[in-house]
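Letter by letter, the chains look like this.
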Amino acid sequence: MTSEPIESAFALFRARAASRGLAEPDEHAAPGASGSRVATVSRQGAALRLAWDGEAGVLALEITHGPPGGPVSWMDLFRLPSATDDETGFASALEYGLDLLCPDRPADGG
């Protein structure tokens, strides 16, 4: 992916999280990899994050899973190498992740 689709993905992540009444995502440069960054939103102990690995050229949308109070792991909802663009797939995965994170807060118009 070029920087434009990556910027669009992060902008969509922020906008869709806001549409569900979530706080502004915690966004920062990822340690260790050049040009990498991560944005995370959390709610009631669960989290959804968008990560861009600038070295590997991979965009990933991940959600936490695990028992309350137990060990937490990250599960991929979407992973895409930079060689392809799939904005529709990303948008669908993002809505699904937000539905899991906020089952009581439907998407706009829902």
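Residues numbered from 1 in each chain as written. Predicted model: local features only at pLDDT ≥ 70, side-chain atom pairs only at ≥ 80, totals over all residues. Heavy atoms only, no water.

Turning our attention to the pairing of strand β3 (residues 46–53). Where strand β2 (residues 37–43) meets β3, seven bridges bridge the pair, whose relative direction is antiparallel. Each bridged residue has a counterpart across the sheet, and for V41 the counterpart in β3 is L48. With antiparallel pairing between neighbouring strands as the criterion, β2 and β3 make up a hairpin whose turn holds two residues, including Q44 at a positive phi of roughly 50 degrees. With six bridges joining them, β3 and strand β4 (residues 58–65) adopt antiparallel strand pairing. Within the sheet, the bridge partner assigned to D53 lies in β4 and is V58. (Pairing = 2+ DSSP bridges. Helix = DSSP H or I, 4+ residues; strand = E, 2+ residues; numbered from the N terminus.)

Opposite charge on two side chains makes pairing possible when the charged atoms of those side chains draw close. This structure, assessed with the given rule, holds 10 salt bridges. For R37, the salt bridge identified is with E27, shortest N-O distance 2.5 Å. Of this pair, R37 sits in strand β2 while E27 sits in strand β1 (residues 26–29), and the two are 10 residues apart along the sequence. Relative accessible area serves as the criterion here: at 16%, R37 is assigned to the buried category. E27 sits in the partly exposed class, given a relative accessible area of 30%. Among the charged side chains, a salt-bridge network with shared partners connects E7, R14, E27 and R37. (Salt bridge = Lys/Arg side-chain N within 4 Å of Asp/Glu carboxyl O. Buried < 20%, exposed > 50% of the residue type's maximum accessible area, 1.4 Å probe, protein only.)

What follows concerns the nonpolar core. Proteins that are soluble and globular tend to have nonpolar side chains buried together. Within the largest apolar cluster, 23 residues are counted, with the highest numbers of intra-cluster contacts made by F13, L48, L50, L59, L61 and F90. Contributing elements (two or more residues each) for this core: α1 (3–19), β2, β3, β4, β5 (73–81) and α2 (87–101). Filtering out sequence-adjacent residues up to four positions away, L61 remains in contact with F13, L48, R49, L50, M75, D76, L77, F78, F90, A93 and L94. (Core = buried A, V, L, I, M, F, W, Y, C linked by side-chain atoms within 4.5 Å. Contact = heavy atoms within 4.5 Å.)

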